[in-house]
Structure formats: structure tokens, C-alpha cells
Amino acid sequence: MRRPTAWTALAVGCALALVVIALSGSPRVARVGVSGTRNVSAETVMAAAGLVGRPAFTTSTADARAAVLALAAVREARVRILLPDRAQIEIVERDPVARWVAGDVTW
């Protein structure tokens with residue numbers, strides 16, 4: 001039997017390191033920053049995105065963007081994950097043409 005080479009030892013070491021990282025859990029998104037808001041609140045955008053508490057490495061920014069775009073006031077959105085535990089959402093709101101207020105509800 002041959003002795004393992006340095007490259008084999010390095011490959012085994014890397015594989016073990018990847019297993020340890022995979023089993024240790026990934027960081028979760030703890031803070032979300034929102035910019036570009038005028039009429040819609042930052043809390044509404046953060047709630048729609050649903051990023052807080054999600055794993056940073058496996059969270060889908062495309063899904064979060066689609067959820068933010070579902071808000072009627074949002075025309076465009078950009079979602080970024082900033083390691084280790086932050087996310088940034090930049091939105092562009094629609095320009096309102098008219099405003100209708102009925103009691104406590106505004107359209």
C-alpha cells in the first residue's frame with residue numbers, strides 16, 4: 001500500500017473542514033436595512049420580505065424581492081444579503097397619481 005501524498009492529506013483536510021462547517025449551522029439574518037421609502041413604511045417592507053431569522057447562505061433573494069414587489073406601492077426592489085448577518089432592501093416606489101382616504105384607510 002502506498003503512503004498518502006500531501007495532496008491527498010490536503011483534500012481530506014478540506015473535506016473534513018467542509019463537513020464541520022456544514023454541521024455547525026449557518027448565520028441567520030438578524031438585521032434588515034430598508035432604503036427608498038416615502039409612502040410605505042420600512043416595517044411593511046421588512047415584513048413582506050420575511051428575511052429576519054432566515055439562514056444567510058440559503059435565503060432566496062429572488063423570493064424576497066418577489067414578495068416586496070407584491071406590495072402595491074413598490075415599483076422596483078433590490079435585495080442583497082450582507083454577510084455575516086445583515087440584509088439590505090432598496091426600493092423604488094410608484095409615483096401616486098391620486099389618493100383616496102376613507103376613514104382610517106388610504107388608497
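Look up a bit, the structure's there.
Each chain has its residues counted from 1, following the order in which its sequence is written. Per-residue local features are limited, in this predicted model, to residues with pLDDT of at least 70; the limit for side-chain atom pairs, both in listing and counting, is 80 or more; totals at the level of whole chains, interfaces and linings are taken over all residues. Hydrogens are left out, water is left out, and the side-chain values use all remaining heavy atoms of the structure.

Caption draft 1: Structural view of the pattern of salt bridges. Definition used for salt bridges: Asp or Glu carboxyl oxygen within 4 Å of a side-chain nitrogen of Lys or Arg. Within this structure, the stated rule accounts for four salt bridges. The salt bridge partner of Arg31 is Asp85, with a shortest N-O separation of 3.6 Å. One end of the pair, Arg31, is in strand S1 (residues 31–35); the other, Asp85, is in the loop between strand S2 (74–82) and strand S3 (86–93), with 54 residues separating them in the sequence. Given a relative accessible area of 51%, Arg31 falls into the exposed group. We note a salt bridge from Arg38 to Asp95, for which the minimum N-O separation is 3.5 Å. Note that Arg38 is positioned in the loop between S1 and helix H2 (42–49) and Asp95 in the loop between S3 and strand S4 (101–102), a separation of 57 residues in sequence. Partly exposed residues are those whose accessible area sits between 20% and 50% of the maximum for their type, while under 20% is buried and over 50% is exposed, using a 1.4 Å probe and protein chains only. Look at Arg38 and you get exposed, because its relative accessible area is 54%. Put simply, DSSP marks the helices as runs of H or I at least four residues long and the strands as runs of E at least two long, and each gets a number from the N terminus on.

Caption draft 2: Spotlight on the sheet that holds S1. Following DSSP output, two strands are said to pair if at least two bridges run between them. Strand order in the open sheet formed by three strands is S1-S3-S2, with mixed pairing between adjacent strands. The open sheet has two edge strands, S1 and S2, and neither has a second partner. Between one strand axis and the next, the sheet turns by 15° as a mean value, whatever way the strands run. With five bridges connecting them, S1 and S3 associate as parallel partners. For Ser35, the partnering residue across the bridge sits in S3 and is Glu90. Contacting S2 and S3, helix H3 (residues 61–69) crosses the sheet at an angle of about 150° to S2. All axes here are fitted lines through C-alpha atoms, helices being fitted over the stretch that makes contact, and every angle between N-to-C directions spans 0 to 180 degrees. Residue contacts are counted whenever heavy atoms from the two residues lie within 4.5 Å of one another.

Caption draft 3: Spotlight on the environment of Met46. Assignment of secondary structure puts Met46 in helix H2. We classify Met46 as partly exposed; its relative accessible area is 27%. A sequence separation of 40 residues divides Met46 from Ala6, and the C-alpha atoms of the two residues are 49 Å apart. Not counting residues within four places of it along the chain, the set of residues in contact with Met46 comprises Val32, Val34 and Leu51.

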